[in-house]
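Structural characterization, general
Chain by chain, the residues run as shown.
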Amino acid sequence: LPDMGRFAIVEHGGFHTVYGNLSLFYVSVGDEITTGQLIGRSGTGAEPRGQAVFFAVFQDGEPEDPLIWLSR
């Protein structure tokens, strides 16, 4: 995922969420994540991709519309 910069992928059964352009990680490979837990810090203005966080959702390897998930 070259456009995501530094990223974390979280498994949720058949779903995966991807959080990209992170400047700092609060989790490590193999950690169990709970609802509301911080995963990482967004990029900074000093990074090529700026301060944004990239977010994606995949179900069984296929991309989903992330807006559906953010509005829940």
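The following paragraphs examine the structure supplied in this document. This one's a predicted model, so the numbers in the text were calculated from it and none came from an experiment.

1. Remarks on the side chain of Ser-23
By the secondary structure assignment, Ser-23 is in strand E3 (residues 22–25). A distance of 2.7 Å separates a polar atom in the side chain of Ser-23 from the backbone oxygen of Ser-42.

2. With respect to the sheet that holds strand E1 (residues 8–12)
The strand order E1-E2-E5-E6 describes an open sheet built from four strands, whose pairing is antiparallel. Of all the strands in the sheet, the pair left with one neighbour each is E1 and strand E6 (62–64). For this sheet, the mean inter-axis angle between neighbouring strands, taken without regard to orientation, is 30°. Relative to strand E2 (residues 15–20), E1 is paired through five bridges, and the arrangement is antiparallel. If you follow Ile-9 over to E2, its bridge partner there is Val-18.

Conventions and cut-offs
Residues numbered from 1 in each chain as written. Predicted model: local features only at pLDDT ≥ 70, side-chain atom pairs only at ≥ 80, totals over all residues. Heavy atoms only, no water. Helix = DSSP H or I, 4+ residues; strand = E, 2+ residues; numbered from the N terminus. Polar contact = N/O pair within 3.5 Å; in protein donor to acceptor, adjacent residues only side chain to side chain. Pairing = 2+ DSSP bridges. Axes fitted to C-alpha atoms, helices over the stretch in contact; angles between N-to-C directions.

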